[in-house]
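Structure assessment
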Amino acid sequence: MNIEESRAGLEKHMLAQADSVGKLLEQFRSRISPQLIDGSGWDRLLERARALPISLATSGFGFELPLHEPERRADLGVALFEGSLSATHFEEWCRTQPEDPSTVAAFRLLHTMQRESTIQRIGGTKLMLEYDIDPGRAGPLPDPGIFLYPAPDAVSCEEAARGLEGFHAAADAVAGAGGWQLEASERRQIERLFSAMPPGTHVGSVGAFPARSDGLRIAITGFRKTRDFTAFLDRTDWSGRPEVVVPFLSEMEERDAFAHLAAHFDIPAHGGLGPALGVSFYARDTQWVKEVDPWMALIDGVGEHGLALPDKLSALATSWSGAEAVFGRRSMLLLVKGIHHIKLVVSDDRFAQAKGYVFVLMLPPFPAAAATGG
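Just so we're clear, the structure is a prediction, and the values are computed from it rather than from any experiment.

**Quick notes on the overall build of the protein**
For the protein, the count of helices and strands is twelve helices and eleven strands. Against the globule reference of 21 Å for 374 residues, the protein gives a C-alpha radius of gyration of 20 Å, in line with a compact fold. Along the first, second and third principal axes, the C-alpha atoms of the protein reach 55 × 45 × 45 Å. Burial analysis of the protein (374 residues in total) assigns 56% to the buried set. Within the protein, contacts between residues at least 6 apart in sequence are counted, and of these 70% link residues at least 24 apart. Split by element, the accessible area of the protein, about 15300 Å² in all, is 50% carbon and sulfur. Each charge sign in the protein was given a centre, from 37 positive and 49 negative side chains, and these centres are 3 Å apart.

Structure representation (structure tokens):
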């Protein structure tokens, strides 16, 4: 699906659909399964989303669904593209909300993306914000996580010097937006991760959650085989045991349940790698897979191994795919839903969490063919 070719027209169309992300969500409540988001989880999500300008949802948005826990809630992910109509709208909105600290990191990162030639060279035009939605949390809503997405061929080991330079630049940009500078130990960890990457892999994202603590979130993606994934883990200083993931990954590989994998690490401010490991599964190499069939082997495998709740897996499989025409506030829209990836989190030598990352695209109803790609 090539959204980029018509982004300006899409953004202009979507900016007229609502005043806030929350108002947009309210229009399509019936299309979001209550098995996945409901009750206080839905109320808290709307509370957060009503405070966000509609410009954050014009290029699609998504949810992080905790499939392993009974609470029906989701974290919210929204995106901006530097230089876009929506980014300009968002910056103008930020200037009218100087008392809102949650916009500071995103505002800083957008300006870094505009100024830094290295960031531009690595294709770092996509900024994602991830908002934690915890129905049980009292007090002010936390500031979002910020993530920068280099182009796949820009931060890879194919061109080691340029790739590492881009990796450092992305990390510096994210840390600077979060209000801290990288320590020498963090830089050494970045270099060690980069040197461990095998051919065909690349840095998928560099992010941070400034509201939680200083430290980076790194995703290395593009692993096609279980053996390549575990060999990479062996070359890092991750404190877990790589062999823990082998049985499940090998079984899923035999089932052809993924096209590629990604490894997610925390790099705390004091250096080293955090003890948790995220393993993300991608059913296809394209980003916007609106069909559920490519995901069923993995969904079935996750269910058979008891890694997620059956009712949530069922709701994910039956309610989060496809495209349909719906009535928006101003016009008809084409609503496209799909699974972006599924992540399992390894902690204490076991799979402790299962998360579904789903997307929503709202497009003008023309051309309908724009939603048929996968």
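Now that the structure has been shown, the text picks up again.
**Focus on helix H9 (residues 226-235)**
Of the positions making up H9, those classed as buried are Thr 226, Phe 229, Thr 230, Phe 232 and Leu 233. On an axial view of H9, the arc spanned by its buried residues comes to 155°, and they lie on one face. Of the residues in H9, the exposed ones pointing more than 90 degrees away from the buried face are Arg 227 and Asp 234. The inward-facing, buried residues of H9 abut helix H8 (184-196), strand E6 (215-223), helix H10 (246-254), strand E7 (260-268) and strand E8 (277-282).

**Things to note about the environment of Arg 224**
Tracing the chain through its elements places Arg 224 in the loop between E6 and H9. For the pair Arg 224 and Leu 335, spaced 111 residues apart in sequence, the C-alpha separation works out to 31 Å. Those residues in contact with Arg 224 that lie beyond four places of it in its chain are Phe 258, Ala 259, His 260 and Asp 285. In this structure the side chain of Arg 224 is engaged in a polar contact, spanning 3.2 Å, whose partner is the backbone oxygen of Ala 259.

**Some thoughts on the confidence of the model for the protein**
Where the model shows low pLDDT, its predicted coordinates should not be examined in detail. Per-residue pLDDT for the protein has a mean of 90; in total, 95% of the residues score no lower than 70. Counting interchain partners and residues more than four positions distant, the pLDDT-below-50 stretch residues 367-374 has 15 contacts.

**A closer look at the packing of helix H4 (residues 85-95) against helix H5 (residues 104-115)**
The interhelical angle for the contact between H4 and H5, taken along N-to-C directions, is 135°, at an axis separation of 11 Å. Classed by the angle they form, the pair H4 and H5 counts as oblique. Read as a crossing pair, H4 and H5 show a hand that is left-handed. Judged by residue contacts, Ala 87, Phe 90, Glu 91, Cys 94 and Arg 95 of H4 engage Ala 106, Phe 107, Leu 110, His 111 and Gln 114 from H5. Classifying every residue of the contact of H4 with H5 by side-chain character gives six nonpolar, two polar and two charged.

**As for helix H7 (residues 160-178)**
For H7, which comprises 19 residues, the first-to-last C-alpha distance of 27 Å matches the rise-based estimate of 27 Å (1.5 Å per residue) to within 8%. Considered for burial, the residues of H7 that qualify are Gly 163, Gly 166, Phe 167, His 168, Ala 169, Ala 170, Ala 171, Ala 173, Val 174, Ala 175 and Ala 177. For H7, the secondary structure elements touched by its buried residues are H5, helix H6 (117-121), strand E4 (145-149), H8, strand E5 (202-208) and E6. With its phi angle positive at about 95°, Gly 179 sits one or two positions after the end of H7.

**A few points about the side chain of His 341**
Examined against the element boundaries, His 341 turns out to sit in strand E10 (residues 332-347). Overall, the relative accessible area of 9% leaves His 341 in the buried class. Within the structure, the side chain of His 341 is placed 2.9 Å from the side chain of His 340, a separation counted as a polar contact. Ignoring any residue separated from it by four or fewer positions in sequence, one finds His 341 in contact with Ser 280, Phe 281, Tyr 282, Trp 295, Lys 355, Gly 356 and Tyr 357.

**A short note on unusual backbone geometry**
Positioned with a positive phi, Asp 256 is a non-glycine residue whose angle comes to about 60°. Secondary-structure assignment places Asp 256 in the loop between H10 and E7. A relative accessible area of 62% places Asp 256 in the exposed class. Of note, the phi angle at Asp 348 is positive, near 55°, even though the residue is not glycine. Tracing the backbone shows Asp 348 in the loop between E10 and strand E11 (350-363).

**Some thoughts on the pairing of E4**
Within E4, four of the five residues are buried, which leaves it mostly tucked inside the rest of the structure. Bridge count for strand E3 (residues 126-131) against E4 is five bridges, and the pairing is antiparallel. Residue Leu 129 lies in a different strand from E4, and its bridge partner there is Ile 146. By the bridge criterion, three bridges tie E4 to E5 in an arrangement that is antiparallel. Bridged to Phe 147 within E5 is Gly 207.

**Structural notes on the environment of Glu 251**
Structurally, Glu 251 is set in helix H10. Through-space distance from the C-alpha of Glu 251 to that of Ala 211 is 38 Å; in sequence the pair is 40 residues apart.

Each value, and the rule that gives it
- Residues numbered from 1 in each chain as written.
- Predicted model: local features only at pLDDT ≥ 70, side-chain atom pairs only at ≥ 80, totals over all residues.
- Heavy atoms only, no water.
- Helix = DSSP H or I, 4+ residues; strand = E, 2+ residues; numbered from the N terminus.
- Rg over C-alpha atoms; globule rule 2.2 N^0.38 Å.
- Buried < 20%, exposed > 50% of the residue type's maximum accessible area, 1.4 Å probe, protein only.
- Contact = heavy atoms within 4.5 Å.
- Areas by Shrake-Rupley, 256 points an atom, 1.4 Å probe, with all protein chains shown as cover.
- Lys, Arg positive; Asp, Glu negative; His and termini not counted.
- Charge placed at Lys NZ, Arg CZ, Asp CG, Glu CD.
- Arc of directions from axis to C-beta.
- Polar contact = N/O pair within 3.5 Å; in protein donor to acceptor, adjacent residues only side chain to side chain.
- pLDDT = per-residue confidence, 0-100.
- Axes fitted to C-alpha atoms, helices over the stretch in contact; angles between N-to-C directions.
- Parallel < 35°, antiparallel > 145°, perpendicular 65-115°, else oblique.
- Left-handed = near helix turned anticlockwise from the far one by under 90°.
- Nonpolar A, V, L, I, M, F, W, Y, C, P; charged D, E, K, R; others polar.
- Expected span 1.5 Å × (residues − 1).
- Pairing = 2+ DSSP bridges.

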